[in-house]
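What follows is each chain in one-letter form.
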Amino acid sequence: CVLLVILVCIIPLLHVYVLPRAMGYYNEECYLSPEQLDDLRYMVITICQIYEELNQTYWLDFGTLLGAVRRGDVLPHDADVDLSRLRMDGVAESMFGRQFSQRLQDFGISGNAMIATYKGAKADLFNWNLVVDNTGDSYKPFAMLSYHTSGRETFVEGLKHFTAHVDLPKSLILPTRKMKFFGKNVSVPRDYRGVLAERYPLTQWVQFPYKWKCWLPWKRPPDPAPKTS
């Protein structure tokens, strides 16, 4: 009885206040329009192409990886693009940043090594450091991919650490492998299902959006678009 009362109080608070404040897109439509889907696809394919051109080790991550595994496409209720990349050292990283920003502009995309935008679409570009553990502690992975960020997380963003692992063992990610995304070969983690289990331990099998209004039975996702060759 007490648990039920707690849930009744917490769920409305999350949906009415916490999540809308944390994510500006929370109150938007349940499913993306065809134009929005095309913009996200364009960003995924183009940024992956630029990464490969610049000889970067990269992979689809978070919701974009989940969409690739489930549908070979963007999730119809996703809000942005999530791509990850292994950082380089020193001068090479600085040179990459300049080249990458220029190549984005060449394709009509604004941004840098951390974030990119195209029309109304956004891409979160995660940069990871390879951290080797030489302590000899058998309970620690030999090598980890540790998230590199230049800013502080908000309290709400930090909540993900309670349910998901952000830093991951290298063995889950590298070497990357190829997967079809909207008809194009892109890089994904070596053990992509293991990565999804770490990223979304409680929700990876949930097939509907987390927005409350999208739980209504007549809110159905659009059919996948035909993939380009």
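Everything discussed here concerns the structure shown above.
These numbers come from a predicted model, not from an experiment.

1. Focus: the overall build of the protein chain
Then step 1. Counting its regular elements, the protein chain contains 7 helices and 9 strands.
Then step 2. Here the protein chain holds 229 residues, and 40% of them are scored as buried.
Then step 3. Across the protein chain, the fraction of contacts at a sequence separation of at least 24, relative to all contacts at a separation of at least 6, is 65%.
Then step 4. Carbon and sulfur atoms make up 60% of the accessible area of the protein chain, which amounts to about 13,400 Å² in all.

2. Let's talk about the packing of aromatic side chains
The relation between two aromatic rings is expressed through the spacing of the ring centres and the mutual angle of the planes.
Then step 1. A full pass over the atoms with the stated rule returns 6 aromatic pairs.
Then step 2. On the numbers, 5.3 Å between centres and 10° between planes, the contact of Tyr51 with Phe100 is stacked. On the criterion of sequence distance, the pair formed by Tyr51 in helix 2 (residues 34-53) and Phe100 in helix 4 (residues 90-106) is long-range, its members being 49 residues apart. Here Tyr51 and Phe100 have matching classes, each one buried.
Then step 3. Among the aromatic residues, those joined into a cluster by ring pairs are Tyr51, Tyr58, Phe96 and Phe100.
Then step 4. Residue placement shows Arg199 over the ring face of Phe62; its charged tip is 4.2 Å from the ring centre.

3. Topic: helix 4
Then step 1. Its 17 residues place the ends of helix 4 25 Å apart at the C-alpha level, agreeing with the 24 Å of an ideal helix rising 1.5 Å per residue.
Then step 2. Regarding helix 4, the residues found buried are Glu93, Phe96, Gly97, Phe100, Ser101 and Leu104. Axial view of helix 4: buried residues confined to an arc of 125°, hence all on one face. Structural note: helix 4 exposes Val91, Arg98 and Gln105 on the side pointing more than 90 degrees away from its buried face.
Then step 3. Next to the buried residues of helix 4 lie helix 2, strand 2 (81-86), strand 3 (110-111), strand 4 (115-118) and strand 5 (121-132).
Then step 4. Backbone geometry just downstream of helix 4 places Gly108 in the positive-phi region, at approximately 80°.

4. Some details on the packing of helix 2 against helix 4
Then step 1. Two elements in contact, helix 2 and helix 4, have axes whose closest approach is 10 Å; the angle formed by their N-to-C orientations is 140°. What the angle tells us is that helix 2 and helix 4 run oblique. Taken as a pair, helix 2 and helix 4 cross one another with a handedness that is right-handed. Between helix 2 and helix 4, the contacting residues are Ile47, Ile50, Tyr51 and Glu53 on the first element and Phe96, Phe100, Arg103 and Leu104 on the second.
Then step 2. Among the residues forming the contact of helix 2 with helix 4, the class breakdown is 6 nonpolar, no polar and 2 charged.

5. A closer look at the pattern of salt bridges
Side chains bearing opposite charge may pair, as long as their charged atoms lie close to each other.
Then step 1. Taken as a whole and assessed by the stated rule, the structure comprises 9 salt bridges.
Then step 2. The residue Lys178 makes a salt bridge to Glu52 at a minimum N-O spacing of 2.7 Å. Of the two residues, Lys178 is situated in strand 8 (residues 177-181) and Glu52 in helix 2; the sequence distance between them amounts to 126 residues.
Then step 3. Here Lys178 falls in the partly exposed class, since its relative accessible area comes to 46%.
Then step 4. For Glu52, a relative accessible area of 37% puts it in the partly exposed group.
Then step 5. Notably, a salt bridge pairs Arg85 with Glu93, separated by 2.4 Å at the nearest N-O pair.
Then step 6. Residue classification places Arg85 among the buried positions, given a relative accessible area of 0%.
Then step 7. Residue Glu93 is classed as buried on the basis of its relative accessible area of 11%.

6. With respect to the packing of helix 3 (residues 62-71) against helix 7 (residues 192-199)
Then step 1. Axis separation between helix 3 and helix 7 bottoms out at 10 Å; the angle between their running directions is 135°. Comparing their axes, helix 7 and helix 3 come out oblique. Between helix 3 and helix 7 lies a crossing of left-handed hand. Note on element contacts: helix 7 touches helix 3 through Tyr192, Arg193, Val195, Leu196 and Arg199, opposite Phe62, Leu65, Leu66 and Val69.
Then step 2. Split by residue class, the contact of helix 3 with helix 7 holds 7 nonpolar, no polar and 2 charged.

7. Concerning a nonpolar patch on the surface
Then step 1. Together, Val2, Leu3, Ile6 and Ile10 line one region of the surface with nonpolar side chains, adding up to about 390 Å² of accessible area.
Then step 2. Here Ile6 lies in helix 1 (residues 2-22).
Then step 3. Judged by its relative accessible area of 39%, Ile6 is partly exposed.

How each quantity is defined
- Starting from 1, residues in each chain are numbered consecutively following that chain's sequence as written.
- Predicted model: local features are reported for residues with pLDDT of at least 70 only, side-chain atom pairs are reported and counted for 80 or more only, and whole-chain, interface and lining totals are derived from all residues.
- Note: side-chain values were computed over all heavy atoms of the structure, leaving out hydrogens and water.
- Only DSSP runs of H or I covering at least 4 residues are called helices, and only runs of E covering at least 2 are called strands; the numbering of each starts at the N terminus.
- Type-normalised accessible area, obtained with a 1.4 Å probe on protein chains alone, sets the label of each residue: buried when under 20%, exposed when over 50%, and partly exposed for intermediate values.
- Two residues form a contact once any of their heavy atoms are found within 4.5 Å.
- We get accessible surface area from the Shrake-Rupley algorithm with a probe of 1.4 Å; when it comes to residues, only the shown protein chains can shield them.
- Paired rings are identified among Phe, Tyr and Trp, the last through its six-membered ring, by centres lying within 6.5 Å, and are further divided according to the angle between planes into stacked (under 30 degrees), edge-to-face (over 60) and tilted (the rest).
- For a lysine, the NZ atom is tested; for an arginine, the CZ atom; a charge sits over a ring if that atom is within 6 Å of the ring centre and within 35 degrees of the ring normal.
- Between the first and last residue of a helix there are one fewer steps than residues, each counted as 1.5 Å, and that sum is the expected span.
- Our arc is simply the arc of the directions from the helix axis toward the C-beta atoms.
- Lines fitted to the C-alpha atoms define the axes, with helices restricted to the stretch that makes contact. Angles between their N-to-C directions range from 0 to 180 degrees.
- Each angle receives one of four descriptions, namely roughly parallel if under 35 degrees, roughly antiparallel if over 145, roughly perpendicular if within 65 to 115, and oblique otherwise.
- By definition, turning the near helix anticlockwise from the far helix through less than a right angle yields a left-handed crossing, and turning it clockwise yields a right-handed one.
- When residues are sorted by character, Ala, Val, Leu, Ile, Met, Phe, Trp, Tyr, Cys and Pro go into the nonpolar class, Asp, Glu, Lys and Arg into the charged class, and all the rest, Gly among them, into the polar class.
- By definition, a salt bridge exists where a carboxyl oxygen of Asp or Glu is found within 4 Å of a side-chain nitrogen of Lys or Arg.
- Patch membership is restricted to residues that have no salt bridge and whose relative accessible area is over 30%. Joining uses 9 Å for like charges and 5 Å for the nonpolar side chains Val, Leu, Ile, Met, Phe, Trp and Tyr.

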